[in-house]
Amino acid sequence: MTDPVGKLPSELDQLPDRDPEETAEWAASLDAVTQAAGPHRAAYLMRRSLQHAEGAGLALPKLLETDYVNTIPTAAEPAFDGDLEMESRITAWNRWNAAAMVTRGARYGVGGHIATFASAAWLYETGFNHFFRGKEGDGSGDQLYIQGHASPGIYARAFLDGRLSEQQLDNFRQETGGDGLPSYPHPRRLPWLWEFPTVSMGLGPLSAIYQARFNRYLTNRNIKDTANSHVWAFLGDGEMDEPESTAALALASREQLDNLTFVINCNLQRLDGPVRANFRVVQELEAQFRGAGWNVVKTLWGNAWDELFQLDTTGALLRRLREVPDAQFQTYATRDVAYIREHFFGAEPALAELAKLLTDAKIGECFYTSRGGHEARKVYAAYRAAVEHKGAPTVILAQTVKGYTLGKGFESKNANHQMKKLSIDEFKGMRELLGLPISDSAFEDGLVPYGHPGADSPEVRYLQERRAALGGPAPARRMHASAPLPQPEERAFKALYKGSGKQEMATTMAFVRLVKDLMRDKETGKRWVPIVPDEARTFGMESLFPSAGIYSPLGQTYDPVDRDQLMYYKEAKDGQILNEGITEAGSMADFIAAATSYATHGETMIPFYIFYSMFGWQRTGDQMWQLADQLGKGFIVGATAGRTTLTGEGLQHADGHSHLIAATNPASLNYDPAFAYEIAVIVKDGLRRMYGPEAEDVFYYLTVYNEPKPQPAMPEGVEEGIVKGLYRFKEGTPAKADAPRIQLLSSGTAIHWALEAQELLAADWGVTADVWSATSWGELRRDALEADEALLRGEQRVPYVTQALSGAPGPVLAVSDWMRQVPDQISQWVEQDWSSLGTDGFGLSDTRAAARRHFGVDARSIVVASLAQLARRGEVPASAIKEARERYGL
């Protein structure tokens with residue numbers, strides 16, 4: 001319903017007005033100002049009133065957008081704690097060497113990016129000189145998420161302080177010789193320098209939030225005091241379009257992560273053009289972050305703009321800055337002053353009058369170079385405000401020019417992200433601009449030289465002294481050897497070794513039961529980090545709620561609705577479970593932070609992350625690669641696995657391919673256990689391999705099922721086969737000596753179909769089948785590939801799968817609840833005739849039995865496929881195939 005003038009009623013209309021006359025007077029005053037001084041003055045007064053009210057502590061909604069000016073006025077900037085001239089020289093050397101490195105690499109066509117660091121140089125240098133804590137001081141130091149495309153600048157700084165050589169710079173993006181530098185921050189490739197891989201854009205900001213949150217988790221659980229660790233994430237304004245970039249903003253503010261700062265380089269350009277051509281990305285980001293509860297610091301303009309703002313007595317300049325779209329402002333940086341006078345200042349008479357007071361040099365300085373992100377004092381003020389702010393995370397929106405100092409051929413050009421080199425003349429122009437003492441003779445061989453003031457120069461001494469005061473070099477990754485974790489007591493594993501008797505138990509429940517027991521271990525129990533993206537009850541994890549507690553920095557401020565139940569929903573400040581809600585991406589970011597805590601904080605944690613298997617590798621596979629790059633360790637568990645075990649949920653929940661995707665990741669050890677005791681053996685071996693004396697940089701992917709089955713006791717002597725990926729679970733008993741024979745290889749829940757088929761083959765067709773448990777198709781393939789590589793080196797080695805099946809009579813038929821490509825990974829190393837059955841195609845909703853019949857993997861379908869294999873070999877009549885299909889209703 002609307003009022004007589006067509007306006008929608010406001011929420012204020014629902015509140016009683018104690019003094020309508022006073023309210024009318026306020027409204028009349030606003031109308032009077034609007035009429036007398038114009039709407040701009042009225043709007044200004046309203047904004048100032050709201051700001052005053054906020055400062056006075058009145059509970060009013062915050063402004064989501066402020067004027068297009070610096071948050072910190074020049075007069076309010078803190079004193080600069082350093083030698084600005086010295087830092088300018090250091091920054092100049094780093095700019096030069098970053099550009100030289102990429103340009104020299106262009107000889108080999110290896111690429112590289114120049115423009116990003118050129119725009120962000122002061123954002124990094126100010127942090128390195130004044131804020132970023134190293135790892136040689138107290139605590140863990142700061143965590144730095146470096147923007148991937150800025151890596152040449154980070155290498156240049158490491159070269160200046162003696163951590164890298166000229167040869168290494170010349171091997172940028174050329175790693176095969178063993179002395180090269182990876183293109184971007186890759187810890188697996190350069191583990192002493194890089195901590196966090198960030199160039200898969202969007203993952204850096206998401207991971208930074210969860211890293212800051214995990215730091216608090218460690219503190220609140222009394223594992224390590226991380227109060228002196230601050231997380232810095234350097235991002236691009238274009239990167240903020242990635243959904244992961246902003247997915248967890250509310251989490252950061254909700255948990256008051258004031259140990260976190262985003263630094264967004266707003267050069268108004270993404271990879272191939274403007275970020276917001278017809279809009280203003282800075283204002284958009286400000287509203288987004290303010291709305292999410294962040295502290296926002298805008299650092300947009302350099303000191304040259306101060307004069308312009310002081311002359312703006314009418315507010316015309318502020319209005320014009322609010323309305324000019326980003327693409328137009330980018331254009332100003334590339335056009336002459338006459339163009340700026342006409343198109344910017346000519347927009348209204350008050351601006352034209354202001355422009356008359358400005359020289360061409362002043363206008364050029366403002367529009368070509370003077371940005372907040374290019375001035376150390378402005379950046380220093382923003383960083384100081386960020387680290388001193390309490391109660392919320394901070395985002396710094398720093399405006400820059402992409403390609404700054406690289407010359408007119410680079411600056412603000414749409415194509416500068418793809419421009420890989422400067423000419424010699426452009427380098428000489430850059431030399432003059434930066435004031436570097438590099439002679440013309442240094443260019444005589446046609447190559448741009450690297451520059452260095454000398455190992456004992458004032459610049460290098462200053463740089464190293466600043467870093468020493470802040471706790472050592474940065475960025476840096478801890479390389480110290482952490483003590484291996486003691487193996488848990490055998491008792492937890494024995495519970496699964498002995499089986500469940502007649503009681504049925506799903507392998508999902510078996511895994512949860514094992515971990516619950518391991519979390520009680522006196523030595524290592526507290527180091528387990530259970531992570532679940534909601535639906536913990538689906539996986540039978542509610543029993544962990546009251547004992548381990550769900551982590552919340554606020555504890556539990558309410559009386560839970562199920563408090564009178566045994567397994568009630570218990571939140572606690574020192575809770576162990578990270579129950580993230582419906583976010584697989586956030587849960588993976590949790591996992592990565594926990595999985596790499598051994599390096600980040602020197603505290604080894606054992607995360608296990610359990611999820612619907614369909615929504616792991618398929619949805620967050622990029623983060624699985626991030627985990628591998630970051631050398632993370634832990635257990636990833638795809639529950640409700642397989643294409644036919646969760647059939648009521650339908651197509652999008654039916655996972656038949658996660659093992660195929662997981663097989664592409666070299667750091668992932670992938671297992672599909674059939675029985676509870678196999679899970680126990682795999683987890684025990686995983687703890688040894690990841691956390692033992694000879695710890696490996698790997699992680700485990702296990703698939704478990706929600707199909708209750710009796711769990712058998714572990715046979716003797718099968719541990720090696722379980723770990724390596726294959727062992728004979730049940731040998732067939734021939735009815736007669738010359739009975740046809742077949743080998744049935746099965747994984748996961750499919751072993752139950754194979755066992756039923758074994759009985760049918762013997763009873764109905766006189767065929768003997770041996771049933772094998774293939775706990776890991778992937779590990780069998782990995783071993784076989786290693787054997788192939790050894791052969792090329794002249795070493796004789798037989799793959800394990802070949803050895804295991806050596807002499808096994810008859811053909812091999814592999815069956816699983818996965819696509820056929822999963823078991824087919826090992827077919828070339830199997831000497832017997834090979835065939836496979838799988839669940840290729842889309843999933844569907846029906847009963848398990850109907851779905852398995854549909855895909856042709858149930859016991860009777862296995863029998864028919866076995867007879868077909870044997871018929872091709874002439875060991876059973878061809879007519880047996882048709883007869884079997886008719887008998888079983890196929």
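Residues numbered from 1 in each chain as written. Predicted model: local features only at pLDDT ≥ 70, side-chain atom pairs only at ≥ 80, totals over all residues. Heavy atoms only, no water.

When helices and strands are tallied, the protein chain shows 35 helices and 20 strands. When the backbone C-alpha atoms are referred to their principal axes, the protein chain occupies close to 110 × 85 × 55 Å. Counting the 890 residues in the protein chain, one finds 58% classified as buried. Long-range contacts, defined as pairs at least 24 residues apart, comprise 78% of the intrachain contacts of the protein chain with a sequence gap of at least 6. Taken as a whole, the protein chain presents about 36,400 Å² of accessible surface, with 50% of it coming from carbon and sulfur. (Helix = DSSP H or I, 4+ residues; strand = E, 2+ residues; numbered from the N terminus. Buried < 20%, exposed > 50% of the residue type's maximum accessible area, 1.4 Å probe, protein only. Contact = heavy atoms within 4.5 Å. Areas by Shrake-Rupley, 256 points an atom, 1.4 Å probe, with all protein chains shown as cover.)

A few words now on unusual backbone geometry. With omega at -5°, the peptide bond leading from Ala474 into Pro475 counts as cis. The residue Pro475 is located in the loop between α19 (458–469) and α20 (491–497) in this model. Of note, Gln256 is a non-glycine position whose phi angle comes to about 55°, a positive value. Considering the arrangement of structural elements, one finds Gln256 in the loop between α9 (249–254) and β3 (260–266). The exposure class of Gln256 is partly exposed, given its relative accessible area of 44%. Of note, Leu631 is a non-glycine position whose phi angle comes to about 65°, a positive value.

Here we come to the pairing of strand β13 (residues 668–671). Residues of β13 alternate between two faces, with Ser668 and Asn670 on one and Leu669 and Tyr671 on the opposite face, all of them buried. Across four bridges, β13 lies against strand β14 (residues 699–703) in parallel orientation. Within β14, the residue paired with Asn670 across the bridge is Tyr701. As a crossover connection, the stretch from β13 through helix α27 (residues 676–691) into β14 is right-handed. (Pairing = 2+ DSSP bridges. Right-handed = clockwise from strand over helix to strand, strands pointing away.)

Strand order in this open sheet of five strands is β1-β2-β3-β5-β4, and the pairing throughout is parallel. Each having just a single partner strand, β1 (143–145) and β4 (295–299) make up the two edges of the open sheet. Going across the sheet, the axis of each strand differs from the next one's by a mean of 15°, ignoring polarity. Set on the sheet, helix α10 (residues 281–291) makes contact with β3, β4 and β5 (394–399); between it and β4 the angle comes to about 160°. Strands β2 (231–236), β3, β4 and β5 of the sheet are contacted by helix α17 (residues 376–388), whose axis makes an angle of about 175° with β4. (Axes fitted to C-alpha atoms, helices over the stretch in contact; angles between N-to-C directions.)

Each full turn of the α-helix corresponds to 3.6 residues, which orients residues three or four apart in the same direction. Over its 18 residues, helix α1 (residues 20–37) extends 26 Å from the first C-alpha to the last, a length consistent with the 26 Å expected when each residue adds 1.5 Å. At the C-terminal side of α1, Gly38 shows a positive phi close to 100°. (Expected span 1.5 Å × (residues − 1).)

What follows covers the confidence of the model for the protein chain. With 98% of its residues at a pLDDT of 70 or more, the protein chain has an overall mean of 93. The low-confidence segment residues 1–5 (pLDDT under 50) makes four contacts with residues lying over four places distant or belonging to another chain. (pLDDT = per-residue confidence, 0-100.)

Moving on, we come to the pattern of salt bridges. Evaluation of the coordinates by the stated rule reveals 53 salt bridges. A salt bridge links Glu85 to Arg89; its shortest N-O distance comes to 3.4 Å. Here Glu85 pairs with Arg89, and both are found in helix α3 (residues 84–105), just four residues apart, close to one helical turn. A salt bridge links Arg319 to Glu348; the nearest nitrogen and oxygen atoms lie 3.1 Å apart. Highlighted residues: Arg319 in helix α12 (residues 316–323) and Glu348 in the loop between α14 (337–343) and α15 (349–356), separated in sequence by 29 residues. For Glu348, a relative accessible area of 24% translates into the label partly exposed. Several salt bridges share partner residues, and in doing so they unite Arg213, Glu255, Glu580 and Asp590 into one network. (Salt bridge = Lys/Arg side-chain N within 4 Å of Asp/Glu carboxyl O.)

With respect to the helices and strands, Ser597 occurs in helix α24 (residues 597–600). For Ser597, a relative accessible area of 0% corresponds to the buried category. With residues up to four places along the chain from it excluded, the contact list for Ser597 reads Phe214, Leu218, Gly602, Glu603 and Met605.

All chains considered together, the criterion is met by 48 aromatic pairs. Look at Phe262 and Trp294: their rings are 4.8 Å apart centre to centre, the planes differ by 55°, and that puts the pair in the tilted class. Remark: Trp294 occurs in the loop between α10 and β4 and Phe262 occurs in strand β3; sequence separation between them is 32 residues. Comparing Phe262 with Trp294, the two get one shared label, buried. For the pair Phe344 and Phe345, a centre-to-centre distance of 4.9 Å together with 80° between the ring planes defines the contact as edge-to-face. Look at Phe344 and you get buried, because its relative accessible area is 0%. (Phe/Tyr/Trp six-rings, centres within 6.5 Å; stacked < 30°, edge-to-face > 60°.)

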